[in-house]
Amino acid sequence: EPEVTQTPSHQVTQMGQEVILRCVPISNHLYFYWYRQILGQKVEFLVSFYNNEISEKSEIFDDQFSVERPDGSNFTLKIRSTKLEDSAMYFCASRDGGRPLQHFGDGTRLSIL
Amino acid sequence: QQQVKQSPQSLIVQKGGISIINCAYENTAFDYFPWYQQFPGKGPALLIAIRPDVSEKKEGRFTISFNKSAKQFSLHIMDSQPGDSATYFCAASYGYNNDMRFGAGTRLTVKP
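Residues numbered from 1 in each chain as written. Chains lettered and ligands numbered in written order. Predicted model: local features only at pLDDT ≥ 70, side-chain atom pairs only at ≥ 80, totals over all residues. Heavy atoms only, no water.

Visitor: Could you give an account of the pattern of salt bridges, with specific residues and numbers?
Guide: All names here are of chain A. This model, assessed by the stated rule, comprises 7 salt bridges over all chains. Salt-bridge contacts for Glu44 lead to Arg36; the nearest nitrogen and oxygen are separated by 3.3 Å. We classify Arg36 as buried; its relative accessible area is 10%. (Salt bridge = Lys/Arg side-chain N within 4 Å of Asp/Glu carboxyl O. Buried < 20%, exposed > 50% of the residue type's maximum accessible area, 1.4 Å probe, protein only.)

Visitor: Pulling in residues and values, what's your account of the interface of chain A and chain B?
Guide: Listed by partner, the interface residues are 19 residues for chain A and 19 residues for chain B. Both sides of the chain A and chain B interface together cover about 1700 Å² of buried area, and 51% of this is carbon and sulfur. The tally of links between chain A and chain B comes to 2 salt bridges. Linking Arg101(B) and Glu56(A) is a salt bridge whose minimum nitrogen-to-oxygen distance equals 3.4 Å. For the pair chain A and chain B, the number of links is 8 residue pairs in polar contact (both at pLDDT 80 or more). Elements supplying a minimum of two residues to the side of chain A that touches chain B: β4 (31-37), β5 (43-50), β6 (53-57) and β9 (88-95) of chain A. (Contact = heavy atoms within 4.5 Å. Buried area = accessible area lost by both parts, 1.4 Å probe. Polar contact = N/O pair within 3.5 Å; in protein donor to acceptor, adjacent residues only side chain to side chain. Helix = DSSP H or I, 4+ residues; strand = E, 2+ residues; numbered from the N terminus.)

Visitor: Let's hear about the state of the cysteines: which residues, and what values?
Guide: Per the stated rule, a full pass over the model turns up 2 disulfides over all chains. Linked covalently through their sulfurs, Cys23(A) and Cys92(A) form a disulfide whose S-S length is 2.0 Å. Taking the sign of the S-S torsion, -65 degrees for the link of Cys23(A) and Cys92(A), the bridge is left-handed. Of this pair, Cys23(A) sits in strand β3 (residues 19-24) while Cys92(A) sits in strand β9, and the two are 69 residues apart along the sequence. Each sulfur in the disulfide pair Cys23(B) and Cys90(B) lies 1.8 Å from the other. Its torsion about the S-S bond being -90 degrees, the disulfide of Cys23(B) and Cys90(B) is classed as left-handed. Taken as a pair, Cys23(B) in strand β3 (residues 19-25) and Cys90(B) in strand β9 (residues 86-92) lie far apart in primary sequence, 67 residues in all. Residue Cys23(B) is classed as buried on the basis of its relative accessible area, which comes to 4%. (Disulfide = S-S within 2.5 Å.)

Visitor: Provide a residue-level description of the packing of aromatic side chains, including the pertinent values.
Guide: Counted according to the given criterion, the structure contains 24 aromatic pairs over all chains. On the numbers, 6.5 Å between centres and 75 degrees between planes, the contact of Phe91(A) with Phe104(A) is edge-to-face. Taken together, the residues Phe91(A) in strand β9 and Phe104(A) in strand β10 (residues 103-104) connect sequence positions 13 residues apart. Here Phe91(A) matches Phe104(A) in class, with each residue buried. Ring geometry for Phe104(A) versus Tyr36(B): centroids 5.2 Å apart, planes at 75 degrees, classification edge-to-face. Of this pair, Phe104(A) sits in strand β10 while Tyr36(B) sits in strand β4 (residues 33-38), which puts the two residues in different chains. For Tyr36(B), a relative accessible area of 0% puts it in the buried group. An aromatic cluster of at least three residues, connected via ring pairs, comprises Tyr33(A), Tyr35(A), Phe45(A), Phe91(A), Phe104(A), Tyr36(B), Phe89(B) and Phe102(B). Positioned above the aromatic ring of Tyr31(A), the side-chain terminus of Arg95(A) is 3.9 Å from the ring centre. (Phe/Tyr/Trp six-rings, centres within 6.5 Å; stacked < 30°, edge-to-face > 60°. Lys NZ or Arg CZ within 6 Å of the ring centre and 35° of its normal.)

Okay, here's the thing in structure tokens:
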């Protein structure tokens, strides 16, 4: 079964540094999402992306964050000038155009030191 | 409002018992209500989902009950097994973007 793939599985970064989290969505999917899950808490919506532009973003997704689909297969989340509170699991999800079912990757654990 | 409220926070059930997790939502625009199962170190995986035009949906041991007027929906796991031990999230979404809002999660432990 096709999967959403996220790399790296764990990223350790110094506070203030930039980090890029990478995702390869399922190949025929059209909608892409990033979610965040702080340890022990709920999954929070960050941003949705369709047709090469942001469709919607939450209040968490401020100017520190950006997303990009640099080619036909990758979907990236960039966090500029990371803060301690950015430490979390970041999940990428994708879906096709027909059904609302979102498929999630296994996440990237981001640790800010 | 975008909130989805979930309870209980944790649940312990004996093997063979019924696990029940409840969720309530505020935004009447929500039109898709999935339940996700998450094991440690893994991403959420869809378990079962329902649309508001249906009051109940059953897939194997998993059933969603949906009460549109009360804006509540619940997950019932029949004949709970130790392998069902995981965190369960309810969620809701609407519109073509389908941006999901998750409940806080329920950590289910099924004791052998």
